[in-house]
Amino acid sequence: MTHYRSLNAMLRETFGEKVYKLALDGGFTCPTRDGTLDTRGCVFCAGGSGDFSTPVGDSVPEAIERAKAVVAGKGAEKYIAYYQSYTGTYAPVERLRRLYQETILHPDVAALSVATRPDCLGEEKLALLAELNRIKPVWIELGLQTIHPDTARYIRRSYELPAFDEAVEKLRGAGIGVIVHMILGLPGETPDMMEQTARYIGRSGAEGIKLQLLHVLEGTDLAADYRAGLFETMTLEAYIAVLERCIEAIPAEMTVHRLTGDGAKRNLIAPLWSADKKHVLNEISRAFDRDMVRQGRHARD
Ligand code: SF4
């Protein structure tokens, strides 16, 4: 039984061959770090989730070769160039044009994926993304994390929900694929609240979702609150239980890009069980079999 529509299934359907992600770092910052909206960044963020990404520096082709070396041996010939660090559209449009045009025109690149914020997608940038999307597929990944205003304030997301709705509408209007990130286990959130966020994303018009466990990382303000005993992180059992609810609440055709985090992180404080990604994925798979999880089962409830 297929429990959910995985990224691999979608990639096989779309490209008909093995396609791997190349994690690239375009040297961006973000408005919650440079003082425009805040200087502290999001409360959980230890540096733009670009832990494993290759800095592009002056040469896109060289960076692509270096990033390919990281995933060498997996048998891929085509790649998704994934700009995952910080806010990938937070730069003057001419800089973005140079970087992304060179990337998307690279013969080994099958698609371009850019992680960004809904409030960093002005008209000129949207026009550029639409233009690039006519060359090869462009996907935009939006870090929503939660639909609940109190949590959004606590994590210092620094944009309101309507900004997300508007960005998804405009991106979809331009034919660009949208993937939305949500975090399970944010302080103060109940399983019901997490399911509500998943359901909202499922109805937003986005094509993909990334479900991610809250990690408490060294050096973040979240770590200080954790050490002060202000919240607890999820157990593996609780995580899987809410994951099942989220998967069943989203439409069957939505692609699930991720079910958990990236695994071992050098600065992980909690929950430590998440460092063993293989074990976590095995447990998820066992639970999905046991509970006969089916994506979309409750999407219309
Ligand atoms: S999560 Fe994204 S928007 Fe928030 S501080 Fe980190 S890079 Fe910036």
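Since the model is a prediction, treat every value here as computed from it, not as a measurement. (Residues numbered from 1 in each chain as written. Predicted model: local features only at pLDDT ≥ 70, side-chain atom pairs only at ≥ 80, totals over all residues.)

J.: Any chance you could explain the pairing of strand S1 (residues 19-25) here in plain terms?
T.: Walk down a regular strand and you will see the side chains alternate between the two sheet faces. Most of S1 is tucked away: five of the seven residues are buried. Two strands pair when backbone bridges link them, and S1 and strand S3 (residues 78-83) are joined in this way by six bridges, in the parallel orientation. Note on S3: the bridge partner recorded for Lys-21 is Ile-80. As defined by bridge partners, S1 adjoins strand S2 (residues 54-55) across two bridges and the pair is classed as parallel. Pairing of Leu-24 across the sheet is with Thr-54, part of S2. (Buried ≥ 20, exposed ≤ 12 C-beta atoms within 10 Å, placed from the backbone. Helix = DSSP H or I, 4+ residues; strand = E, 2+ residues; numbered from the N terminus. Pairing = 2+ DSSP bridges.)

J.: Even after reading the chapter, I still don't get the packing of helix H9 (residues 236-249) against helix H10 (residues 277-290), so can you show me in this structure?
T.: Two numbers describe a pair of packed helices, the interaxial angle and the distance between the axes. At a minimum axis separation of 10 Å, H9 and H10 run at an interaxial angle of 50°. In terms of their interaxial angle, H9 and H10 are classed as oblique. Crossing of H9 over H10 shows right-handed handedness. Facing Leu-236, Ile-240, Leu-243 and Glu-244 of H9, the residues of H10 in contact are Val-280, Glu-283, Ile-284, Ala-287 and Phe-288. (Axes fitted to C-alpha atoms, helices over the stretch in contact; angles between N-to-C directions. Parallel < 35°, antiparallel > 145°, perpendicular 65-115°, else oblique. Left-handed = near helix turned anticlockwise from the far one by under 90°. Contact = placed C-beta atoms within 7 Å.)

J.: In this structure, what is going on with the nonpolar core? I would like to understand it.
T.: Most often, soluble globular proteins keep nonpolar side chains buried together rather than apart. Counting 86 residues, the largest nonpolar core has Leu-184, Ile-209 and Leu-243 as the members making the most contacts within it. Ranked by residue count, the leading element in this core is H9, at seven residues. Each residue touching Ile-209, except ones within four places of it in the same chain, is listed here: Ile-179, Val-180, Met-182, Ile-201, Ile-250, Met-254, Val-256 and His-257. (Core = buried A, V, L, I, M, F, W, Y, C linked by C-beta atoms within 7 Å.)

J.: Teacher, can you tell me more about the sheet that holds S3 here?
T.: Each strand in a sheet pairs with another by means of backbone hydrogen bonds, the pair being arranged parallel or else antiparallel. One open sheet accounts for eight strands, arranged S2-S1-S3-S4-S5-S6-S7-S9; its pairing is parallel. Among the strands making up the open sheet, the edge pair consists of S2 and strand S9 (255-258). Looking at chain direction, strand S7 (residues 208-213) and S9 are connected through three bridges and run parallel. Its bridge partner being in S9, Ile-209 is matched across the sheet by Val-256. Those strands touched by helix H7 (residues 191-202) are strand S5 (138-145), strand S6 (177-184) and S7, and its axis lies near 180° from that of S6.

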